[in-house]
Amino acid sequence: RNIVLEPRNAKGSAAQLGSLTRELAALPVDVIVAFQTPVVAAAKAATTQTPIVMCPAQNPIALGFVQSIARPGGNITGMTTATDEIAAKNLELIREVFPAVRRVGVIGNAADPFHKPFLASIEAAARTLNFELKIALSQGADPFPARFVEVAGSGVQAMMVQPSLPRERGAELALRYRLPLFVANTEAAQAGA
């Protein structure tokens, strides 16, 4: 009754995030709720005045979104996840569930500033667990299916996909290529991973 929502959806297009968040900041709105790390980064670039709630963002301290979890400072607050650590744990899970697997495909989201720590954590765990990785970067949602097909066709035995890439599409492709898809969150599992 007393709240007006101004939803915006980039539909997976990283190129649209900047203009959409600038549009919201110019309205002006009282708060911007930003879902996933790439949207938080775009909102941060769009405004230093409007409060931004991250729902969630990965590694917000390292990415410069907040000063600390306890005292964020600036205009950003919200939730964070430990996706890089969970991604590394997924390699351990792959070893437990499929002990014969040696080649794992990983698709990172180059449009997401979190892709570097995400991939670094997986690469470190892969060295320890003796996995061979086939890594590809997708520039957001549009080229994601092509990157998935590329990695799936390289002889991998399991897949991992960065959470900021399309969940449903990842699950569909994993089923089509008969590859187990290991994910870091329940939303992706509910989408079919």
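Whatever comes next refers back to the structure up there.
A short tour of the structure in this document, coming up.

Each value, and the rule that gives it
Residues numbered from 1 in each chain as written. Predicted model: local features only at pLDDT ≥ 70, side-chain atom pairs only at ≥ 80, totals over all residues. Heavy atoms only, no water. Helix = DSSP H or I, 4+ residues; strand = E, 2+ residues; numbered from the N terminus. Rg over C-alpha atoms; globule rule 2.2 N^0.38 Å. Buried < 20%, exposed > 50% of the residue type's maximum accessible area, 1.4 Å probe, protein only. Contact = heavy atoms within 4.5 Å. Areas by Shrake-Rupley, 256 points an atom, 1.4 Å probe, with all protein chains shown as cover. Lys, Arg positive; Asp, Glu negative; His and termini not counted. Charge placed at Lys NZ, Arg CZ, Asp CG, Glu CD. Axes fitted to C-alpha atoms, helices over the stretch in contact; angles between N-to-C directions. Parallel < 35°, antiparallel > 145°, perpendicular 65-115°, else oblique. Left-handed = near helix turned anticlockwise from the far one by under 90°. Nonpolar A, V, L, I, M, F, W, Y, C, P; charged D, E, K, R; others polar. Core = buried A, V, L, I, M, F, W, Y, C linked by side-chain atoms within 4.5 Å. Salt bridge = Lys/Arg side-chain N within 4 Å of Asp/Glu carboxyl O. Pairing = 2+ DSSP bridges.

**What about the overall build of the chain?**
Step number 1: A count of helices and strands for the chain gives seven helices and seven strands.
Step number 2: A compact globule built from 193 residues should have a C-alpha radius of gyration of about 16 Å, and the chain, at 18 Å, falls within 12% of that.
Step number 3: The buried share of the chain, reckoned over its 193 residues, is 42%.
Step number 4: For the chain, contacts bridging at least 24 residues in sequence account for 55% of all contacts bridging at least 6.
Step number 5: With the model as given, the accessible surface of the chain reaches about 10,200 Å², and the carbon-plus-sulfur share is 54%.
Step number 6: Within the chain, one finds 18 positive and 15 negative side-chain charges whose respective centroids are separated by 3 Å.

**Side note on the packing of helix 1 (residues 14-26) against helix 2 (residues 37-46)**
Step number 1: Where helix 1 meets helix 2, the axes come as close as 8 Å, and the angle between the chain directions of the two elements is 50°. On the basis of the axis angle, helix 1 is oblique to helix 2. For the element pair helix 1 and helix 2, the recorded crossing hand is right-handed. Contacts between helix 1 and helix 2 involve Leu 17, Gly 18, Thr 21, Arg 22 and Ala 25 from the former and Pro 38, Val 39, Ala 42, Ala 43 and Ala 46 from the latter.
Step number 2: Grouping the constituent residues of the contact of helix 1 with helix 2 by class yields seven nonpolar, two polar and one charged.

**Notes on the nonpolar core**
Step number 1: Counting residues in hydrophobic clusters, the biggest one holds 18 residues, and the most contacted among them are Leu 91, Ile 94, Val 104, Phe 131 and Met 160.
Step number 2: Residue assignment for this core shows that the elements contributing at least two residues are helix 3 (83-97), strand 4 (103-109), helix 4 (115-129) and strand 6 (158-161).
Step number 3: For this core, the element with the highest residue contribution is helix 4, accounting for six residues.
Step number 4: Discounting chain neighbours no more than four positions away, the residues touching Val 104 are Leu 91, Ile 94, Phe 131, Glu 132, Leu 133, Lys 134, Val 156, Ala 158 and Met 160.
Step number 5: Counting 14 residues, the second-largest nonpolar core is a separate cluster that includes Ala 136, Phe 144, Met 159 and Leu 179.

**Describing the pattern of salt bridges**
Step number 1: One pass over the structure, following the stated rule, counts six salt bridges.
Step number 2: One salt bridge in this structure joins Lys 89 and Glu 92, with 3.3 Å as the shortest N-O distance. One end of the pair, Lys 89, and the other, Glu 92, are both in helix 3, three residues apart, so they sit about a helical turn from each other.
Step number 3: You can call Glu 92 partly exposed: its relative accessible area is 35%.
Step number 4: Its salt-bridge partner being Glu 150, residue Arg 147 comes within 3.0 Å of it at the nearest N-O pair. In this pair, Arg 147 and Glu 150 both sit in helix 5 (residues 144-152), three residues apart, roughly one turn of the helix.
Step number 5: A relative accessible area of 38% means that Glu 150 is categorised as partly exposed.
Step number 6: It is possible to trace a salt-bridge network through shared partners that takes in Glu 6, Arg 8 and Glu 23.

**As for the sheet that holds strand 3 (residues 76-81)**
Step number 1: Read across the sheet, three strands follow the order 1-2-3 without closing on themselves; strand pairing throughout is parallel. Edge positions in the sheet fall to strand 1 (32-34) and strand 3, since each has one partner strand and no second. Within this sheet the neighbouring strands show an average axis-to-axis angle of 15°, counted without direction.
Step number 2: Where helix 2 meets the sheet, its contacts fall on strand 1, strand 2 (52-58) and strand 3, and the angle it forms with strand 2 comes to roughly 140°.

**Observations concerning the sheet that holds strand 4**
Step number 1: Ordered in space as 5-4-6-7, the four strands form an open sheet in which the pairing is parallel. Pairing within the sheet leaves two strands with one partner each, and these edge strands are strand 5 (132-138) and strand 7 (181-182).
Step number 2: The pairing of strand 4 with strand 6 spans four bridges and is classified as parallel. Bridging from a neighbouring strand, Gly 105 pairs with Met 159 of strand 6.
Step number 3: The strands touched by helix 4 within the sheet are strand 4, strand 5 and strand 6, with strand 5 carrying the most contacts at an inclination of about 170°.

Function cannot be read off these values alone, since they describe shape.
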